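If you want the building blocks of each chain, they are given just below.
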Amino acid sequence: MQYRILGHTGVQVSTLALGAMNFGKIGRTTQDDITTIVDAALEAGINLIDTADVYSGGESEEMVGKAIAGRRDDLVLATKASLPMGDERNHQGGSRRWLVTALNNSLRRLGVDHVDLYQIHRWDPSTSDEETLAALTDLQRAGKIRYFGSSTFPAYRIVQAQWAAREHHMSRYVTEQPSYSILQRGIETHVLPVTEQYGLGVLVWSPLASGWLSGAIREGRDVTTNRSTFMPQRFDTTTPANQARLDAVEQLAKVADEAGLTMIQLALGFVTAHPAVTSALIGPRTLDHLHSQLAAADTVLSADVLDAIDAIVPPGTDLAAHEKNDTPPALLDPSLRRR
């Protein structure tokens, strides 16, 4: 396992981090499954676990808490807030009112008195940066969080938040957690240059592109991944966008074969090769999934392999731009761009 410094914090984290979205009912995993996966991940050298309050309605945090009991200080623990937790209109967003409650709920579920990294899961356009940053700064001073970060923020919002923190003398986001894979390279255009400019740590999610780069999705095969059971539209190969992804996957499989790599090694080695990336979040649902992903822990892609990937999916290109989670609200809601 390799380790890198998380931004300018001085904290060393593994280049593969354990994402816990599949822990609980989303991934149909039990507590025994989770404890086994966490044990194996820590034994392999992973020292960062990332979860969120919204994952399986808090169940993921509870399972992580039980799995790490007695060894809290041996790992970097991260969670997130701001996505809706139930139907109550104020149980979401970046307001002080909600973040204080959300963090206390997360600490209770995790069974800890603090988290190392608390992340705003999505930018909340209805809440000012000053409101959110002030709340996070106070929670940090209270000792409940060590650092805080953003997740899936557009580049201009990352810049705005950095300015607001400096202008109002508050603590700042020290990490960003964007989606990044060979098939979704859009963040190379604006987000990654901004994170490098401000010295942010970058924890990328979905480096296997929701399973498209796992080796399980190939031409002529039925798509039977867990994700496809509840998001079938993202795997319907009769649509032009998904056919383009499948064509790219077939070409990438040849590159991997010629390099003596699995598709997973190619995919994870690609994202961790970028100098702006600190860690890639892997989200295993089974122990076998974990072992196949751990095989990429020391993968270093040659320049020839990286060039071959660029020829298939050019830098800065998103093959599924409609699935982006950082689109400005006005592009999605006509009422926000019309008088």
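All values derive from a computational prediction rather than experimental measurement.

How each quantity is defined
- Residues numbered from 1 in each chain as written.
- Predicted model: local features only at pLDDT ≥ 70, side-chain atom pairs only at ≥ 80, totals over all residues.
- Heavy atoms only, no water.
- Helix = DSSP H or I, 4+ residues; strand = E, 2+ residues; numbered from the N terminus.
- Buried < 20%, exposed > 50% of the residue type's maximum accessible area, 1.4 Å probe, protein only.
- Expected span 1.5 Å × (residues − 1).
- Contact = heavy atoms within 4.5 Å.
- Salt bridge = Lys/Arg side-chain N within 4 Å of Asp/Glu carboxyl O.
- 1 Å grid on protein atoms, 1.4 Å probe; cavity = no way out; pocket = protein on both sides within 12 Å on 5 of 7 lines; lining within 4 Å.
- Points joined across faces, edges and corners; volume = space filled by probe spheres on them.
- Nonpolar A, V, L, I, M, F, W, Y, C, P; charged D, E, K, R; others polar.
- Core = buried A, V, L, I, M, F, W, Y, C linked by side-chain atoms within 4.5 Å.
- Axes fitted to C-alpha atoms, helices over the stretch in contact; angles between N-to-C directions.
- Left-handed = near helix turned anticlockwise from the far one by under 90°.
- Pairing = 2+ DSSP bridges.

## Description of the environment of G86
- Its location among the elements puts G86 in the loop between β5 (76-81) and α3 (96-110).
- On the accessibility criterion, G86 (51% relative accessible area) is exposed.
- As a C-alpha pair, G86 and G57 span 29 residues in sequence and 8.1 Å in three-dimensional space.

## Topic: helix α8 (residues 240-259)
- For α8, spanning 20 residues, the distance from its first C-alpha to its last is 29 Å, which sits close to the expected 28 Å at 1.5 Å a residue.
- Turning to α8, its buried residues are N242, R245, L246, A248, V249, L252, A253, V255 and A256.
- Buried residues along α8 sit in contact with α9 (263-273) and α11 (303-312).
- Following α8 by one or two positions, G260 has its phi on the positive side, about 70°.

## Focus on the pattern of salt bridges
- In the structure shown here, the tally under the stated rule is 9 salt bridges.
- One salt bridge connects D138 with R96, and the closest N-O pair in it is separated by 3.0 Å. Highlighted residues: D138 in helix α4 (residues 129-141) and R96 in helix α3, separated in sequence by 42 residues.
- D138 gets classed as partly exposed once you look at its relative accessible area, which sits at 35%.
- By relative accessible area, which is 32% here, R96 ends up partly exposed.
- Close ionic contact of D310 with R185 constitutes a salt bridge, the shortest N to O distance being 2.8 Å. Taken together, the residues D310 in helix α11 and R185 in the loop between β8 (175-177) and α6 (191-198) connect sequence positions 125 residues apart.
- For R185, a relative accessible area of 4% translates into the label buried.

## Points about empty space enclosed by the protein
- For the coordinates displayed, the defined rule picks out 1 cavity of 30 Å³ or more.
- Roughly 60 Å³ of internal volume is contained in the largest cavity.
- Lining the largest cavity, in full, are G94, I120, R122, W123, D124, T127, D129, T132, F153 and Y173.
- For the lining of the largest cavity, the residue count by class is 4 nonpolar, 3 polar and 3 charged.

## So, unusual backbone geometry
- One non-glycine residue, R28, lies in the positive phi region at around 55°.
- Counting through the fold element by element, R28 comes out in the loop between β3 (16-19) and α1 (31-43).
- Of note, the phi angle at H169 is positive, near 60°, even though the residue is not glycine.
- Along the chain, H169 turns up in the loop between α5 (155-167) and β8.
- A relative accessible area of 69% places H169 in the exposed class.

## A closer look at the nonpolar core
- Ranked by internal contacts, the top residues of the largest apolar core, which has 89 residues, are F23, V115, L183, L213, L252 and L266.
- The next biggest cluster of nonpolar side chains, apart from the first, holds 9 residues, and it includes A17, L117, L203 and L281.

## Notes on the packing of α4 against α5
- Closest axis-to-axis distance for the α4/α5 pair is 10 Å, and the angle between their directions is 65°. By crossing handedness, the relation of α4 to α5 is classed as right-handed. Contacts from D129, E130 and L133 in α4 reach R157, Q160, A161, A164 and A165 in α5.

## With respect to the sheet that holds strand β9 (residues 201-204)
- A barrel is described by the order of its strands in space; here 8 strands give the closed sequence β3-β4-β5-β6-β7-β8-β9-β10, paired in parallel fashion. Between one strand and the next, the sheet's axes are offset by a mean angle of 30°, whatever the strand orientation.
- Alignment of strand β7 (residues 145-151) against β8, held across 2 bridges, turns out to be parallel. Bridge assignment links S150 to a residue of β8, and that residue is E176.
- Set on the sheet, α3 makes contact with β5, β6 (115-120) and β7; between it and β6 the angle comes to about 135°.

## Overview of the environment of S150
- Relative to the helices and strands, S150 resides in strand β7.
- Once residues within four sequence positions are removed from consideration, S150 is found in contact with I120, Y173, T175, E176 and Q177.

Keep in mind that these numbers describe shape and distance, not what the molecule does.
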